[in-house]
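# Overview (structure and organization)
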Amino acid sequence: MHELALMENVVETVREDARSRGIGQVSRIRLLVGRLTMVMPDSMHFAFEVLSQDELFTKDAILEIEIRDAIGRCEACNQEFVMPENVFNCPGCQSFSIEYIQGHELNIDFYEGDEV
């Protein structure tokens, strides 16, 4: 379950940033997660429930996850398309020469908190 390690990194990143901004407690984190990361949102939520018992978080802290489609651009015919799961070729010309435009990200979009 690599989601626990990922969530630990998210929490530590938010902790460091909150400390530098004088934020005492965090009430909400929003993540942008690409489909190609293979991250399981339910596992991320579970990991967040465990890790949010920390003093950094309010008692009712929320984790929001926005799943981003995998989008590719064919380098042969220049067609842009949403990539279906487990399909890695162009739907137009069938080329496997694909540039991945979106879908590998795992980013903290924002977090909300109260100043100390």
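Analysis parameters
- Residues numbered from 1 in each chain as written.
- Predicted model: local features only at pLDDT ≥ 70, side-chain atom pairs only at ≥ 80, totals over all residues.
- Heavy atoms only, no water.
- Helix = DSSP H or I, 4+ residues; strand = E, 2+ residues; numbered from the N terminus.
- Rg over C-alpha atoms; globule rule 2.2 N^0.38 Å.
- Buried < 20%, exposed > 50% of the residue type's maximum accessible area, 1.4 Å probe, protein only.
- Contact = heavy atoms within 4.5 Å.
- Areas by Shrake-Rupley, 256 points an atom, 1.4 Å probe, with all protein chains shown as cover.

### Re the overall build of the protein
Assigned secondary structure in the protein consists of two helices and six strands. When the helices and strands of the protein are read in sequence order from the N terminus, they spell out α-β-α-β-β-β-β-β. Compactness check: the protein gives a C-alpha radius of gyration of 18 Å against a globular reference of 13 Å for 116 residues, more than 25% above the reference. With respect to the principal axes defined by its C-alpha atoms, the protein has extents near 55 × 25 × 20 Å. By the burial criterion, 33% of the 116 residues in the protein qualify as buried. Of the contacts formed within the protein by residues at least 6 apart in sequence, a portion of 71% connects residues at least 24 apart. Surface summary for the protein: the accessible area is close to 7100 Å², and the carbon and sulfur share equals 48%.

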